[in-house]
Amino acid sequence: MTDSGTAHDGAARTDAQVAELREKVDHFVCTEVIPSEAVLDAGGEGATAALAELWVEARAAGLWALPLPANLGGGGLTFREYAALAEAEGASDHGPASLGSAPLLDVTMLNRHGSARVREEYLKRLVAGEIRTCYAMTEPNVPGTDPLLTETRGEARPDGSWYVSGRKWFTSGAAGADLVTVMARTGGTAGDRVGLSLLLVPTGSPGFRVVRELPVLGAAGQYEIELDRVLVPADHLLGEGGDALAIAGERLALGRTLRCLRWLGQAQRAFDLMCERAATRSGSRGPLADHQLVQQHVFDALLALRTTRPLVHEAVALIAAGQDARTEVGLAKVAAARMLQQVTDSAIQVHGAAGLGPDTALPSLFRGGRAARILDGPDELHITSVARRVLRGYSPESATRG
């Protein structure tokens, strides 16, 4: 996703215009989204109605689908521009969905790699919020960090269509999705780098079913799905057959960086709650803010925020320029996940028992911080891959060439 491409077709904004948009987004999330979190978290008809109302309000405020292409009905922000306000939007887990930017990864992927029919039939409806998509890569019996072992199969038919069979899990939003992008092996054998493809599967097709919901530390939204010889049209193959790893790599780099931006927003929210608590809570020994151990929590949390933010925006700059950002994304992902857990843990400690209960967002934020260290690849995957990439530059062969 480069800022120099034609994906967005929107007029460039000045820094002042982007700053104004950020203020509006921050205000919307604080005054409209966060007060609705309890209803949205509960799910069901109440959540659907609340989200629909937020969509109306977001459109009226001129904040709908800001990072999505203007020619598809979005706001046309470039990735760099959107990154400047993604923290504010992501302060609530429901911010991206409420403001219509949640489909960014799917819209980008389908716009780049979908067939003419896929682009024409789905993209505008996806940006408008009329349909929803999800992405299914991880499988129950296969290490999620090793897509080469994918067991889901795509069987080619004489007319070019496919039968897709297999199971996927930890698929976000699968229960309400109209389409799911499925990684399947269409050639080769387990362990081969070739033969993996992405197929866009209509969830209303015979043979598709949601097996169960998979609460993540008590939170809803993840699902296990099954595909039993689901018929997928030939023009619902993304890219060419065997392109899955390249397309998934693009998606993961962008997706991980978006998560980091949103984690920064959530950590800032936890930090603000901690500081407000310290400044207003007093005991027999005076205000919490005067206690050195509380000051230590504040300092360490601020240091974590301030040192992580530049790493994330370095990754943003490289992705926006279309450059290799694997090292920077790996560093940012690990740093942001750790930082979110650290800051929310400190905020809970300063709140005491109140930080464990339902009266603040801290339990939810802490749960997100813990899950962050596994989502989009566990810390260990990024640590080893970044270290290996760096160390290759110090190998004897590299030194000889230098």
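Residues numbered from 1 in each chain as written. Predicted model: local features only at pLDDT ≥ 70, side-chain atom pairs only at ≥ 80, totals over all residues. Heavy atoms only, no water.

(A) Spotlight on the packing of aromatic side chains. In total, this model carries 2 aromatic pairs according to the counting rule given. Here W55 and W64 contribute two aromatic rings whose centre-to-centre distance is 5.4 Å and whose plane-to-plane angle is 70 degrees, an arrangement assigned as edge-to-face. Comparing W55 with W64 shows no difference in burial state: the two are buried. Their ring planes at 70 degrees and their centres at 4.9 Å tell us that W169 and F170 sit as a pair that is edge-to-face. The ring centre of Y163 lies 4.0 Å from the NZ or CZ of R229, which sits over that ring. The ring of Y135 has R251 lying over it, and the distance from NZ or CZ to the ring centre is 3.9 Å. (Phe/Tyr/Trp six-rings, centres within 6.5 Å; stacked < 30°, edge-to-face > 60°. Buried < 20%, exposed > 50% of the residue type's maximum accessible area, 1.4 Å probe, protein only. Lys NZ or Arg CZ within 6 Å of the ring centre and 35° of its normal.)

(B) Just the layout of surface pockets, in detail. There is about 310 Å³ of room inside the second largest pocket. D26, C30, A91, R269 and D272 are, among the 14 residues lining the second largest pocket, the residues nearest its centre. Of all the secondary structure elements, the ones that give two or more residues to the lining of the second largest pocket are α1 (15-33), α4 (79-90) and α8 (244-280). It is α8 that provides the largest number of residues to the lining of the second largest pocket, a total of 6 residues. For the lining of the second largest pocket, the class distribution of residues is 5 nonpolar, 2 polar and 7 charged. (1 Å grid on protein atoms, 1.4 Å probe; cavity = no way out; pocket = protein on both sides within 12 Å on 5 of 7 lines; lining within 4 Å. Points joined across faces, edges and corners; volume = space filled by probe spheres on them. Helix = DSSP H or I, 4+ residues; strand = E, 2+ residues; numbered from the N terminus. Nonpolar A, V, L, I, M, F, W, Y, C, P; charged D, E, K, R; others polar.)

(C) Quick peek at the nonpolar core. Core analysis: the biggest nonpolar cluster contains 85 residues, and V25, L110, M183, L198 and V343 have the highest contact counts within it. Considering every element that reaches this core, the biggest residue donor is α8, with 14 residues. Contacts of V25, omitting those with residues within four sequence positions, involve L63, L66, L85, A88, E89 and L99. With 18 residues, the next largest nonpolar core counts C134, A136, A184 and V201 among its residues. (Core = buried A, V, L, I, M, F, W, Y, C linked by side-chain atoms within 4.5 Å. Contact = heavy atoms within 4.5 Å.)

(D) Quick look at helix α3 (residues 44-60). With 17 residues, α3 should reach 24 Å at 1.5 Å per residue; the first-to-last C-alpha distance of 25 Å fits that figure. Among the residues of α3, those classed as buried are A47, A50, L51, L54, W55 and A58. Summarising the axial view, the buried residues of α3 lie within an arc of 145 degrees, below the 170-degree limit, and thus occupy one face. In this structure, α3 carries E45, T48 and A60 as exposed residues pointing more than 90 degrees from its buried face. On its buried side, α3 packs onto α1, α2 (37-42) and α5 (95-98). Just downstream of α3, G62 is the residue with a positive phi angle, here 75 degrees. (Expected span 1.5 Å × (residues − 1). Arc of directions from axis to C-beta.)

(E) The arrangement of the packing of helix α10 (residues 326-351) against helix α12 (residues 379-392) in detail. Closest axis-to-axis distance for the α10/α12 pair is 9 Å, and the angle between their directions is 145 degrees. Of the two elements, α10 crosses α12, and the hand of that crossing is left-handed. Contacts between α10 and α12 involve R326, T327, G330, L331, K333, V334, A337 and R338 from the first element and D379, H382, I383, V386 and R389 from the second. Here the contact of α10 with α12 is composed, by residue class, of 5 nonpolar, 3 polar and 5 charged. (Axes fitted to C-alpha atoms, helices over the stretch in contact; angles between N-to-C directions. Left-handed = near helix turned anticlockwise from the far one by under 90°.)

(F) Quick peek at empty space enclosed by the protein. Evaluated as defined, the whole model comprises 2 cavities of 30 Å³ or more. Counted as a void, the largest cavity has a volume near 80 Å³. Along its surface, the largest cavity is lined by 10 residues, and L105, T108, M109, E250 and R251 are the ones closest to its centre. Residue assignment for the lining of the largest cavity shows that the elements contributing at least two residues are α6 (104-113) and α8. Considering only residue class, the lining of the largest cavity consists of 5 nonpolar, 2 polar and 3 charged. Estimated volume of the second largest cavity: approximately 50 Å³. Taken together, M137, T138, E139, V142, P143, G144, D146, P147 and T150 make up the full set of residues lining the second largest cavity. In the lining of the second largest cavity, the residues fall into 4 nonpolar, 3 polar and 2 charged.

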